[in-house]
Amino acid sequence: MPIDAKRPYEEGNIFARVLRGELPNKTVLETEHSLAFHDISPLAPIHVLVIPKGPYVSWDDFAAKASDAEIVDFVRAVGEVARMTGANAQGYRLLSNVGKRSGQEVPHLHVHVFGGAPLGPMLAR
Ligand code: AMP
């Protein structure tokens, strides 16, 4: 069920539980401020999620509240994942759903890194 991204951060969300080690994950990359892991239900041959370790609901929440160090770390982590997975070889797509209209299901900022195959049109018409 898509969430309202204007809600305060919820400590019980799935990715907060991953970060606390309460749920397993298939880690691709861990940095000081970010974690990247394989999506549990991949939609492309390469489908990795990159999340900040801090409690941010959305991109705009993160951009407003995160420290410069967290933002630099996160942006670099996304690029590193694109390189590490080989997604950058033939092209990839970054996606971050925010709020109900985009279908965001987990209320912790995440960037999807898709690659490994042609990805089709940007949006269904
Ligand atoms: P979104 O719809 O943008 O909020 O995407 C949430 C993503 O999280 C979906 O692609 C799910 O397949 C993925 N997901 C949910 N639970 C887990 C989990 N425990 N480990 C990895 N990915 C997950």
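Residues numbered from 1 in each chain as written. Predicted model: local features only at pLDDT ≥ 70, side-chain atom pairs only at ≥ 80, totals over all residues. Heavy atoms only, no water.

## Quick notes on the nonpolar core
Line of reasoning, step 1. Ranked by size, the top nonpolar core spans 17 residues in total, and within it Ala 36, Val 48, Val 50, Phe 74 and Val 81 carry the most contacts.
Line of reasoning, step 2. Of all the secondary structure elements, the ones that give two or more residues to this core are strand 1 (27-30), strand 3 (46-52), helix 3 (68-84) and strand 5 (111-115).
Line of reasoning, step 3. With four residues, the top contributor of residues to this core is helix 3.
Line of reasoning, step 4. Beyond its immediate stretch of four places on either side in the chain, Ala 36 contacts Lys 26, Thr 27, Val 28, Leu 29, Val 48, Leu 49, Val 50 and Val 81.
Line of reasoning, step 5. Listed in part, the seven residues of the second largest apolar core include Val 18, Phe 37, Leu 49 and Ile 51. (Core = buried A, V, L, I, M, F, W, Y, C linked by side-chain atoms within 4.5 Å. Buried < 20%, exposed > 50% of the residue type's maximum accessible area, 1.4 Å probe, protein only. Helix = DSSP H or I, 4+ residues; strand = E, 2+ residues; numbered from the N terminus. Contact = heavy atoms within 4.5 Å.)

## Some details on the pattern of salt bridges
Line of reasoning, step 1. Here the structure, examined in full by the defined rule, presents six salt bridges.
Line of reasoning, step 2. The residue Glu 22 makes a salt bridge to Arg 17 at a minimum N-O spacing of 3.4 Å.
Line of reasoning, step 3. Owing to a relative accessible area of 43%, Glu 22 belongs among the partly exposed residues under this scheme.
Line of reasoning, step 4. According to the relative accessible area criterion, Arg 17 is partly exposed, its value standing at 32%.
Line of reasoning, step 5. Notably, a salt bridge pairs Arg 83 with Glu 80, separated by 2.7 Å at the nearest N-O pair. Of the two residues, Arg 83 and Glu 80 are both situated in helix 3; the distance of three residues between them amounts to about one turn of the helix.
Line of reasoning, step 6. Through salt bridges with shared partners, a single network forms among Glu 11, Arg 17, Arg 20 and Glu 22. (Salt bridge = Lys/Arg side-chain N within 4 Å of Asp/Glu carboxyl O.)

## Let's talk about the environment of Val 72
Line of reasoning, step 1. Here Val 72 lies in helix 3.
Line of reasoning, step 2. What makes Val 72 partly exposed here is its relative accessible area of 41%.
Line of reasoning, step 3. Separated by 23 residues in sequence, Val 72 and Leu 49 have C-alpha atoms that sit 17 Å apart.

## Considering the side chain of Asp 61
Line of reasoning, step 1. Relative to the helices and strands, Asp 61 is located in helix 2 (residues 59-65).
Line of reasoning, step 2. When residues no more than four places from it in sequence are discounted, the contact partners of Asp 61 are Pro 55, Tyr 56 and Ala 66.

## Considering the packing of aromatic side chains
Line of reasoning, step 1. According to the stated counting rule, one finds four aromatic pairs in the structure shown.
Line of reasoning, step 2. With centroids separated by 5.4 Å and ring planes inclined at 75°, the aromatic side chains of Phe 15 and Phe 37 adopt a geometry described as edge-to-face. One end of the pair, Phe 15, is in helix 1 (residues 14-19); the other, Phe 37, is in strand 2 (residues 34-38), and 22 residues separate them in sequence. Each member of the pair, Phe 15 together with Phe 37, is buried.
Line of reasoning, step 3. Aromatic pair Tyr 56 and Phe 62: ring centres 5.1 Å apart, planes at 70°, arrangement edge-to-face. Just as Tyr 56 is buried, Phe 62 falls in that class too.
Line of reasoning, step 4. Ring-pair connections join several aromatic residues into one group, and the members of that group are Tyr 56, Trp 59, Phe 62 and Phe 74. (Phe/Tyr/Trp six-rings, centres within 6.5 Å; stacked < 30°, edge-to-face > 60°.)

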